[in-house]
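Reading the structure
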Amino acid sequence: MILVWLMVILFAGGIGAALAESRGAEHPRAVALTAILIDLFLVILMLVAPDSLGLGTASTVAQLGQHGDWLVLLKAEWIPRFGVSFIFGVDGLSLMLVALTVFLGLMALGSAWGEVKERTGFFYFNLLWTLAGVIGVFTALDLFLFFFFWEVMLIPMYFIIAIWGHENKHYAAMKFFIFTQVSGLLMLLAILMLVYFHYSTTNVLTFNYFQLLGTKLPANVATWVMLGFFVAFATKLPAVPFHNWLPDAHSQAPTAGSVILAGVLLKTGAYGLLRFTVPLFPDESMAFAPVAMTMGVVSILYTAMVAFAQSDIKRLIAYTSVSHMGFVLVGIYAWNAQAVQGAVMTMLAHGFSAAALFMLAGGLQHRIHTRDMDKMGGFWGVAPKLAFMALFFTIAAVGMPGLGNFIGEFLVLLGSFKVNILLTGFATMGVVVAAVYSLIVIQKVFHGKNKNNYTMADLSAVEFICYALLMIGLVWMGMYPQTMLNMAQPSLQSLGVAFPG
Amino acid sequence: MLDLLWLVPTIPLIGFLILTFTQGKLSEVPAGIIGAGSIGLAFVIALLAGIQFIHSDAPFFSQHLWTWMSVGSFKAGFNLYLDGVSLVMMFIITGIGFLIHVYATGYMHDDPSFARFFAYMNLFVAAMLILVLGDNLLLLFMGWEGVGLCSYLLIGFWYTDPYNGYCARKAFVVTRVGDASMALGLFLLFQSVGTLNIQDAMHIAQAQWPTAGGGAGLATAVTLLLLGGAVGKSAQLPLQTWLPDAMAGPTPISALIHAATMVTAGVYLIARTHILYMLAPDVQYLVGVIGCITLLMAGFTALTQSDIKKVLAFSTVSQIGYMFLALGVGAWNSAIFHLMTHAFFKALLFLTAGSVILGMHHEQNIFKMGGLRKDLPWCHWLFLIGTVALVALPGTSGYFSKEEILGAALAHHEGGYILWLGGIAGAFMTGLYSFRLYFLVFWGKKTHDGHEVMGWNLQGPLVLLAVLALLGGYITIPVGKVFPMVAEEEPALMYRAIMIGLPILGILVAWLVFVKGVIDTKKLAGSGLGAALHRFWFTQWGMDWLYDRVFVFPYVGLARLNKSDFIDSIYNGIAKLTLVLHGLVSDTQTGQLRWYALTMISGVLLLVSIGVFL
């Protein structure tokens, strides 16, 4: 039940926040904070003391034992007539992503704390419902349920961009909505086809993930169904050429929206590929792998170049996110132990580093009311703490060993080298261009001269603590990634990744 | 004490953390004590551990700290590995590093970012120690990237000048090109031998890679890729272009990072993986050829520079060329030996140059100096000591190491003779450009006033370095158990005479030209062929020019051209098309009954005629 609680608390907290606005604009954020803190407490408990929650009991693990170690698995009927049921489960992989979601939810809340002043009730409602939707996506194991949550996380995010966004928010929100919706419809179609073919061969109508695994589709259909899933997830990830919603959404979204988008929503795409696309269609996916890996490499190099040319700092960071997600795509489709573990590490580390970078960019915009880097410069002298944090997270994003992003990218490349040397060679060039676009940000914003004589407050204590937490996370991932690798390994094995000793 | 080995990189790291997180609150004295003291403490521990290690007579000592990562068959540990080579490196890094840190407390006096400077310096030392103490190539790579980062941070330390930022970025990006190559080398090595542990990988490669056929191909590929990383870090052809620009950083940085330690990491890498290079003799010879060409190129370029630090920078490139040459002919221990003596005299030269620059109120142009031996007697004598060691006059530290290298080149059976010729030509060039610098700065007519900067923390380290530069050649480095024994042959007397004579000839020419004025250099560099040659040498054979046009301009241009992401216009095109179609269709909704009637009848007629005629 604890998984349901995680979502119920957020859903209820959202409604509570919306209602609390009538008592004053300050109240909703307190309600939201309470809800997220309760969730965070539960998640931490799940991570460090699963026994105390009675998780992973013999019965549940045994029930679906062949599908890996589910720490918790909940099954209940929903619409039995159509074979739709409530199945929620977390294994190591899902649990880490849920934890990432809740933790970055707290960070998003922190960045909205002083920034969002209008319609606060509805804002925190949307924020919490997005988070609940994401947790649903990471835990749902019924394809109908999964699709339901896929939509749940989309619509509140649309509102966050469209209402609290910046100068071009309606265009950005609409673009985000259309891209996600069109690709989501493809996935719905693919789900229905999969269920139909499963029904026609076994006479069992079900959306249950475990039952659908191993469904044999006619060869000509299977590739198309797989592509339906792939396009939806590749749009979310995003990968070139489906990435164009992201720069607009990011640059227009309020800081909290960007944090959730970059830190968490993108990871649902990667998660979908890992959990659904490849395991449901292993043969088709492997045949498709060279195309997908090429897309990943193109994403890495192409968006790195576009990023380099940007003068809008949030747009630049948005493009770099696409570039980093390219490594995830390469890693997943290389499909061996190192590469997939690398993809998971990149998901987590990028969640931290991108969230921090968007918080910094948002913080800058909040302070000086511009995102145009050509107007900035010399901020090291004005706000040294902020500058230091920016330097740290930029360096993390460049892939400095000792920090999480390096572990991810290194393992991805180490693994993909076994599969495709040429593509890995190109992907490795990504580390060079990453340096090019990252260091230009430091130069334009923090080095050089403060041409326009901006003055600004340096980091507040709350901000500093937020960044410090993200920093500790990245150092942990970089120095002792084994914590995460150990959690992910059983999940990945059950998804079909071989771990030769 | 050996068990405390882990403290050697950890203490500078702690120094970095303290200085970073107290930023702005610590005044100069405590910041300096933490900054330099942490390196001093690390040196003491390194010394005690090193003495114990040498007495233990073991070939190596390893210390397992924790498992970094273990994914499937890939394992990498946070393990330290100390043998003769890493011991020498550790001593250089902490010892020379400590002296430079002490000097820097004087040099950076009154800088508003004093603490930040020492924070980066401490981080650099920690990273460099990890580089040389790591037992696997991934840990080495971590240090490798870490020193690159610190190099970037310190070159651009005075960040308000955009030029410094440009130089810093250039250094980082150019070396990253090499790093990418090195990373691919690691991938290939792991794929073929299943481990990145340096000793294991070398033994497996030795046992499994046949010397002919596929195995030799593997060895060639791996060593070539690693060489890419080495030439990037050590500023050898074709990736040497970043080092002269790196001189934008404060001078202690140039001494520590861009002369004594980081730039020699490529030499260390190749020496560390020497068994792999021995399996690929062609690549090993290529290392020597690269060194030979680089040492000549940099020698010629040094001759044309007017910035005191750039002359020294090209001289560093040139001296590292000698180390590569040594690696190429299998004189592994001579390469490390020269690495050490070079660290002594080049650190001395850079720091003395720093004192000269301070004494001349931040003037770096040697043509605005001259006749300074009266005003700056300390600097003069110290610089002269550094210069004679660089030129390798008999008895100085540089002589011992360079003579070993040239002797080994001569003894090398295949193609060694050509490398030797390049090496002695370079020795002549070294004499010429070094004493050109010395004469131009300290002799001739005095044009500008200078004053001696004094202080125990400025002079003390310089004197110690001068002693090392003079006498360091008598140190025996304990690398006998690491590298295969090379039978040392005394070169014939004629060759020895040439090796000693040519640098002196270079000095003589420098004296005639730059003191006596036998040749008018301005006229020579102003006329047709002379000007062309001067420009060719001055611009490092036009390589910056070439790289700008082949890589930088096209990339930047293409990026700017595509700033709005052409893929976006496809989607916007679809959106526009939808709008246009929408407009067309909505235009038909006029609300006029006769129009609807007309279209309806036309439609019916059309359908009927289709039905009739088909």
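Residues numbered from 1 in each chain as written. Chains lettered and ligands numbered in written order. Predicted model: local features only at pLDDT ≥ 70, side-chain atom pairs only at ≥ 80, totals over all residues. Heavy atoms only, no water.

The next point concerns the overall build of chain B. The secondary structure content of chain B amounts to 25 helices and two strands. The dimensions of chain B, computed from C-alpha atoms along their principal axes, are 110 × 60 × 55 Å. Residues classed as buried in chain B amount to 59% of the 614 residues present. For chain B, the proportion of contacts with a sequence separation of at least 24, taken over those separated by at least 6, is 81%. With the model as given, the accessible surface of chain B reaches about 23,800 Å², and the carbon-plus-sulfur share is 71%. Taken as two groups, the 29 positive and 30 negative side-chain charges of chain B have centres that lie 10 Å from each other. (Helix = DSSP H or I, 4+ residues; strand = E, 2+ residues; numbered from the N terminus. Buried < 20%, exposed > 50% of the residue type's maximum accessible area, 1.4 Å probe, protein only. Contact = heavy atoms within 4.5 Å. Areas by Shrake-Rupley, 256 points an atom, 1.4 Å probe, with all protein chains shown as cover. Lys, Arg positive; Asp, Glu negative; His and termini not counted. Charge placed at Lys NZ, Arg CZ, Asp CG, Glu CD.)

Here the focus is empty space enclosed by the protein. Residues and elements named next belong to chain A. The full count for this structure, using the stated rule, is eight cavities of 30 Å³ or more. The computed volume of the largest cavity comes to approximately 200 Å³. Surrounding the largest cavity, 21 residues form its lining, Leu316, Ile317, Leu357, Thr394 and Val441 being those nearest its centre. Contributing elements (two or more residues each) for the lining of the largest cavity: helix H13 (313-334), helix H14 (337-368), helix H16 (384-398) and helix H18 (421-446). (1 Å grid on protein atoms, 1.4 Å probe; cavity = no way out; pocket = protein on both sides within 12 Å on 5 of 7 lines; lining within 4 Å. Points joined across faces, edges and corners; volume = space filled by probe spheres on them.)

Once that is clear, we can look at the nonpolar core. All names here are of chain A. In terms of nonpolar packing, the biggest core is built from 436 residues, with Phe229, Tyr333 and Phe393 touching the most fellow members. Among the elements that make up this core, the one with the highest residue count is H14 (20 residues). Setting aside its immediate chain neighbours within four residues, phenylalanine 229 contacts Leu143, Met187, Ala190, Ile191, Leu194, Phe276, Thr277, Leu280 and Phe281. (Core = buried A, V, L, I, M, F, W, Y, C linked by side-chain atoms within 4.5 Å.)

So, on to the packing of H13 of chain A against H18 of chain A. A pair of packed helices can be characterised by two numbers: the angle between their axes and the separation between those axes. Residue and element names in this part refer to chain A. Where H13 meets H18, the axes come as close as 11 Å, and the angle between the chain directions of the two elements is 165 degrees. One finds that H13 runs roughly antiparallel with respect to H18. Crossing of H13 over H18 shows left-handed handedness. Contact residues: Ile313, Leu316, Thr320, Ser323, His324 and Phe327 in H13; Ala427, Tyr437, Val441 and Val445 in H18. In terms of residue class, the contact of H13 with H18 is made up of seven nonpolar, three polar and no charged. (Axes fitted to C-alpha atoms, helices over the stretch in contact; angles between N-to-C directions. Parallel < 35°, antiparallel > 145°, perpendicular 65-115°, else oblique. Left-handed = near helix turned anticlockwise from the far one by under 90°. Nonpolar A, V, L, I, M, F, W, Y, C, P; charged D, E, K, R; others polar.)

So, about the domain arrangement of chain B. Looking at chain B, the domain boundaries give domain 1 (288-519) and domain 2 (571-613). The C-alpha centroid of domain 2 of chain B is placed 87 Å from the C-alpha centroid of domain 1 of chain B. (Domains from an automatic or database assignment.)

So, on to the interface of chain A and chain B. Each partner contributes to the interface: chain A provides 66 residues, whereas chain B provides 54 residues. Around 5,200 Å² of area is buried between chain A and chain B when both sides are counted, 70% of it from carbon and sulfur atoms. The largest contributions to the chain A side of the interface with chain B come from Met305, Phe417 and Leu439 of chain A, which together make up 11% of the buried area. There are one salt bridge connecting chain A and chain B. Aspartate 568 of chain B serves as the salt-bridge partner of lysine 175 of chain A, at 2.6 Å between the closest nitrogen and oxygen. Ranked by residue count, the leading element in the side of chain A that touches chain B is H18 of chain A, at 14 residues. Its residues assigned to classes, the side of chain A that touches chain B shows 44 nonpolar, 18 polar and four charged. (Buried area = accessible area lost by both parts, 1.4 Å probe. Salt bridge = Lys/Arg side-chain N within 4 Å of Asp/Glu carboxyl O.)

Further remarks concern the pairing of strand S1 (residues 61-71) of chain B. The two faces of the sheet receive side chains in turn, since in a regular strand these alternate between them. Residue and element names in this part refer to chain B. With nine bridges joining them, S1 and strand S2 (residues 74-82) adopt antiparallel strand pairing. In the sheet register, histidine 64 faces S2, and the bridge partner there is asparagine 79. In this antiparallel pair of consecutive strands, S1 and S2, the connection spans two residues, and glycine 72 shows a positive phi of 55 degrees. (Pairing = 2+ DSSP bridges.)

Our focus in this paragraph is the packing of aromatic side chains. Under the defined criterion, the tally for this structure stands at 69 aromatic pairs over all chains. With centroids separated by 5.8 Å and ring planes inclined at 80 degrees, the aromatic side chains of phenylalanine 230 of chain A and tyrosine 333 of chain A adopt a geometry described as edge-to-face. Of the two residues, phenylalanine 230 of chain A sits in helix H9 (residues 219-236) while tyrosine 333 of chain A sits in helix H13, which places them 103 residues apart along the sequence. Taking relative accessible area as the criterion, phenylalanine 230 of chain A reaches 2% and is therefore assigned buried. For the pair phenylalanine 435 of chain B and phenylalanine 439 of chain B, a centre-to-centre distance of 5.6 Å together with 55 degrees between the ring planes defines the contact as tilted. Taken as a pair, phenylalanine 435 of chain B and phenylalanine 439 of chain B lie in helix H18 (residues 416-442) at a separation of four residues, close to a single helical turn. Relative accessible area serves as the criterion here: at 7%, phenylalanine 439 of chain B is assigned to the buried category. By the ring-pair criterion, three or more aromatic residues cluster together here, those being Phe11, Phe122, Phe123, Tyr124, Phe125, Trp129, Tyr158, Phe159, Trp164 and Phe177 of chain A. Of note, lysine 402 of chain B hangs over the ring of tyrosine 322 of chain B, and the distance from its end group to the ring centre comes to 4.7 Å. (Phe/Tyr/Trp six-rings, centres within 6.5 Å; stacked < 30°, edge-to-face > 60°. Lys NZ or Arg CZ within 6 Å of the ring centre and 35° of its normal.)

With that settled, consider a nonpolar patch on the surface. The grouping of Trp476 and Tyr480 of chain A together with Met1, Leu4, Trp6, Val44, Leu48, Leu65 and Trp66 of chain B at the surface amounts to a nonpolar patch, some 770 Å² of accessible area in total. Those elements that place two or more of their residues in the nonpolar patch are helix H2 (28-56) and S1 of chain B. Tracing the backbone shows tryptophan 66 of chain B in strand S1. On the accessibility criterion, tryptophan 66 of chain B (30% relative accessible area) is partly exposed. (Patch = residues over 30% accessible without salt bridge, like charges linked within 9 Å, V, L, I, M, F, W, Y side chains within 5 Å.)

A word on the environment of tryptophan 164 of chain A. Position of tryptophan 164 of chain A relative to the elements: it lies in helix H6 (residues 143-164). Those residues in contact with tryptophan 164 of chain A that sit more than four places away from it in its chain are Val116, Glu118, Arg119, Phe122, Phe123, Asn126, Phe159 and Pro254 of chain A.

What follows concerns helix H12 (residues 282-309) of chain A. Under the 1.5 Å per step criterion, the end-to-end length of H12 of chain A is 39 Å for 28 residues, consistent within 8% with the ideal 40 Å. Roughly 50 degrees is the biggest bend found in H12 of chain A, and it falls at phenylalanine 288 of chain A, with proline proline 290 of chain A one to four residues downstream. (Expected span 1.5 Å × (residues − 1). Bend = angle between axes of the 7 residues up to and from the residue.)

We now examine unusual backbone geometry. With an omega of 10 degrees, the peptide bond between valine 240 of chain A and proline 241 of chain A qualifies as cis. With respect to the element layout, proline 241 of chain A can be found in the loop between H9 and helix H10 (245-252). A cis amide bond, omega 0 degrees, links leucine 237 of chain B with the succeeding residue proline 238 of chain B. Tracing the backbone shows proline 238 of chain B in the loop between helix H8 (214-233) and helix H9 (242-245). Positive phi outside glycine occurs at alanine 235 of chain B, with the angle close to 55 degrees. When you line up the elements, alanine 235 of chain B lands in the loop between H8 and H9.

Moving on, we get to the side chain of arginine 29 of chain A. Tracing the chain through its elements places arginine 29 of chain A in helix H2 (residues 27-48). Excluding residues that lie within four positions of it along the chain, arginine 29 of chain A makes contacts with Leu109, Trp113 and Tyr124 of chain A.

As defined by bridge partners, strand S1 (residues 72-79) of chain A adjoins strand S2 (residues 84-90) of chain A across seven bridges and the pair is classed as antiparallel. Residue alanine 76 of chain A lies in a different strand from S2 of chain A, and its bridge partner there is phenylalanine 86 of chain A.

When you line up the elements, asparagine 457 of chain B lands in helix H19 (residues 456-471). At 3.2 Å, the side chain of asparagine 457 of chain B forms a polar contact with the side chain of threonine 105 of chain B. (Polar contact = N/O pair within 3.5 Å; in protein donor to acceptor, adjacent residues only side chain to side chain.)

This brings us to the environment of phenylalanine 229 of chain A. Residue and element names in this part refer to chain A. Within the secondary structure, phenylalanine 229 is located in helix H9. Residue classification places phenylalanine 229 among the buried positions, given a relative accessible area of 1%. Expressed as a C-alpha distance, the spacing of phenylalanine 229 and glycine 269, which sit 40 residues apart in the sequence, is 9.8 Å.

Quick look at the environment of tryptophan 6 of chain B now. Residue and element names in this part refer to chain B. Relative to the elements of secondary structure, tryptophan 6 occurs in the segment before helix H1 (7-21). Residues tryptophan 6 and leucine 65, spaced 59 residues apart in sequence, show a C-alpha to C-alpha distance of 8.0 Å. Not counting residues within four places of it along the chain, the set of residues in contact with tryptophan 6 comprises Gln63, Leu65 and Leu80. A distance of 3.3 Å separates a polar side-chain atom of tryptophan 6 from the backbone oxygen of aspartate 3.

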